[in-house]
Amino acid sequence: MSYIFNNIYLYIKYGFNFFIVVGLNTILNFPLHVKLSFKVKIELLPFEYTMFHFSRFRNTSALLYLHITTTVFRCVSTMSGTMRAVNFEPGGPENLRIGSVPVPKLREKEVLLKVYATAINRADTLQRKGLYPPPPGESDILGLEAVGIVEKLGSGCVKTWKIGDRVMALLPGGGNAEFVASREELLMPVPDNMEFNQAAAIPEVWLTAFQLLFLVGKVKKNDTVLIHAGGSGVGTAAVQLCRQFGARAIVVAGSQEKIDFAKSLGAEEGFNYKESMFEPKVLKHTDGKGVDLILDCVGGSFFSQNINSIATEGTWVVYGLMAFSNF
């Protein structure tokens, strides 16, 4: 017999700043097979966080081993002047830690967001290694995009946004924190039918892909587009934009898994550059014509193959030089 318990919500309500530390390791003796699936929601007044959905169990004929481990939650208000954020010392991911830092002070025409979700991009990993400093005068906290709720409007804002609006932000940094300041013109509304964790992946990656295809590459319907790093964030976004617009996407990637994923998103073909040269396969797929547009984040090592893969009067957009990097 199986008992399934789903969507169990635990509400803990307080009106002040505090820490919650929960740890439970239990062995329960049951003569049954039992599966527990917990979703725990911590609701704080006036702040709210939702924990991870976790389910960890082992069924045996007589024992249920249930292990529930949560993390440390802290509710901080702008009144205290501090917030939790990702801090780091240059190096590997083991140098990342959560620390307390000042809440950003708003400059003119900036908006303060209460962050509900953020994302990690290649630039963040490079900054973590000490190889990609933020622009002068900007936050040294990681995070080039974030989504959340408008918490406060700075001076000079033109009233495009109001307190409580759901927005996503393209940032020079600072997104991996509880609060972040953003230029008001770099905010976009989050559609009502989109979750925060989905919207967090849009500003940096999807705007880059859109810019490459439409503003720089001037893609047209029925164009064939060769997308390098087809399993990357920008690559997968570009594939989907091609499909939506009516262009044909071909990807180059380093594994069959990445190629299969790109195909599931709309790419019509994919080639593994680690197994063989992609140039002859691209020409065969396009009946010798070549592609109309190349989105290239690799550079050097693919130079000659790109030259031979592009059609007459085609466009080749180079937006990265990963072949020249040692990191």
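One numbering rule holds for all chains: residues counted from 1, following each sequence as written. Note on the predicted model: pLDDT of at least 70 is required for a residue's local features to be given, and 80 or more for side-chain atom pairs to be given and counted; whole-chain, interface and lining totals, by contrast, use all residues. Hydrogens and water molecules were not included; the side-chain quantities draw on all heavy atoms of the structure.

Student: I'd like to hear about the sheet that holds strand β20 (residues 291-296), residue by residue, with values.
Tutor: Whether two strands pair depends on DSSP finding at least two bridges between them. Under the scheme used here, helices are H or I runs from DSSP no shorter than 4 residues and strands are E runs no shorter than 2 residues, and both carry numbers assigned from the N terminus. The parallel open sheet is built from five strands, whose spatial order is β19-β18-β17-β20-β21. Since the sheet does not close on itself, it has two edges, and those belong to β19 (269-272) and β21 (310-318), each with one partner. Each adjacent strand pair in this sheet contributes to an overall mean axis angle of 20°, direction not counted. Here strand β18 (residues 248-253) runs beside β19; their pairing, made up of four bridges, is parallel. Bridge assignment links Val251 to a residue of β19, and that residue is Gly270. Sheet strands touched by helix α3 (residues 203-216): β17 (224-228), β20 and β21. Its angle to β20, the strand with the most contacts, is close to 145°. Between two residues, a contact is recorded if the distance between any of their heavy atoms is within 4.5 Å. Simply put, an axis is a line fit to the C-alpha atoms, just over the touching stretch for a helix, and the angle between two N-to-C directions goes from 0 to 180 degrees. Across the sheet, helix α5 (residues 256-265) touches β18 and β19, and the angle it forms with β19 is around 165°.

Student: Which residues make up the pattern of salt bridges, and what values do they have?
Tutor: One side-chain nitrogen of Lys or Arg within 4 Å of one carboxyl oxygen of Asp or Glu is enough to make a salt bridge. Using the criterion set out here, one finds nine salt bridges in the structure. The partner of Lys263 in a salt bridge is Glu269, with the nearest N and O atoms 3.2 Å apart. By relative accessible area, which is 35% here, Lys263 ends up partly exposed. Overlapping salt bridges, with partners in common, bring together Arg107, Glu110 and Glu138 in one network. Whether a residue is buried, partly exposed or exposed follows from its accessible area with a 1.4 Å probe, protein chains only, as a fraction of its type maximum: under 20%, in between, or over 50%, in that order.

Student: Summarise the side chain of Asp165; cite the residues concerned and give the values.
Tutor: You can see Asp165 is positioned in the loop between β13 (145-153) and β14 (166-170). Here the side chain of Asp165 touches Lys162 through a polar contact of 2.9 Å, landing on its backbone nitrogen. Discounting residues that sit within four places of it in the chain, Asp165 has contacts with Gly148, Ile149, Val150 and Thr160. Here a polar contact is recorded for every N or O atom pair within 3.5 Å, except that within protein the pair must consist of a potential hydrogen donor and a potential acceptor, and residues adjacent in sequence are included only if both atoms are side-chain atoms.

Student: How would you explain the pairing of β14 if you had to name every residue and give the values?
Tutor: Pairing between β13 and β14: five bridges, direction antiparallel. In the strand pairing of β14, Gly148 is matched with Val167. Pairing geometry for β14 and strand β16 (residues 187-189), over three bridges, is antiparallel. Bridged to Met168 within β16 is Met188.

Student: A description of unusual backbone geometry should follow, citing residues and the corresponding values.
Tutor: Despite not being glycine, Lys218 shows a phi value in the positive range, around 50°. Tracing the chain through its elements places Lys218 in the loop between α3 and β17. Despite not being glycine, Ala229 has its phi angle at roughly 55°, a positive value. Judged by its relative accessible area of 23%, Ala229 is partly exposed.

Student: Can you tell me about the packing of α3 against helix α4 (residues 233-245), naming the residues and giving the values?
Tutor: Interaxial distance between α3 and α4 falls to 8 Å at its minimum, and their mutual angle equals 55°. Looking at the two axes, α3 sits oblique to α4. For the element pair α3 and α4, the recorded crossing hand is right-handed. In this structure, α3 uses Val205, Trp206, Thr208, Ala209, Phe210, Leu212, Leu213 and Phe214 to contact α4, whose residues at the interface are Gly233, Val234, Ala237, Ala238, Gln240, Leu241, Cys242 and Phe245. Partitioned by chemical class, the residues of the contact of α3 with α4 number 13 nonpolar, three polar and no charged. For classification, angles of less than 35 degrees are called roughly parallel, those exceeding 145 degrees roughly antiparallel, those between 65 and 115 degrees roughly perpendicular, and all remaining angles oblique. Crossing handedness follows the turn of the near helix against the far one: under a right angle anticlockwise gives a left-handed crossing, and clockwise gives a right-handed one. Ten residues, namely Ala, Val, Leu, Ile, Met, Phe, Trp, Tyr, Cys and Pro, are considered nonpolar, four, namely Asp, Glu, Lys and Arg, are considered charged, and the remaining ones, Gly among them, are considered polar.

Student: Please provide a residue-by-residue account of α4, values included.
Tutor: A helix is expected to span 1.5 Å multiplied by its residue count minus one. Between its first and last C-alpha, α4 extends 18 Å over 13 residues, near the 18 Å set by a 1.5 Å rise per residue. Along α4, the residues that are buried comprise Val234, Gly235, Thr236, Ala237, Ala238, Val239, Leu241 and Cys242. On its buried side, α4 packs onto α3, β17, β18, α5 and β20. The N-cap residue of α4 is Ser232: its side-chain oxygen and the backbone nitrogen of Gly235 are 3.1 Å apart. In the segment just after α4, Gly246 is the residue with positive phi, at about 105°.

Student: Explain α3 to me, using residue names and the numbers behind them.
Tutor: All of the buried residues along α3 are Pro203, Val205, Thr208, Ala209, Leu212, Leu213 and Phe214. Directly beyond the C-terminal end of α3, a positive phi value near 50° is found at Lys218.

Student: Outline a nonpolar patch on the surface, supporting the account with residue identities and numerical values.
Tutor: Two distance rules govern patches: like charges are joined within 9 Å, and nonpolar side chains (Val, Leu, Ile, Met, Phe, Trp, Tyr) within 5 Å, applied only to residues with over 30% relative accessible area and no salt bridge. For the area figures, the Shrake-Rupley method with a 1.4 Å probe applies, and any residue is considered shielded solely by the protein chains shown. On the surface, Phe210, Leu215 and Val216 cluster together into a nonpolar patch covering about 270 Å² of accessible area. Residue placement: Val216 occurs in helix α3.

Student: Run through the environment of Ala85, naming residues and quoting values.
Tutor: Locating Ala85 in the fold gives a position in strand β10 (residues 82-88). A sequence separation of 94 residues divides Ala85 from Phe179, and the C-alpha atoms of the two residues are 8.4 Å apart.

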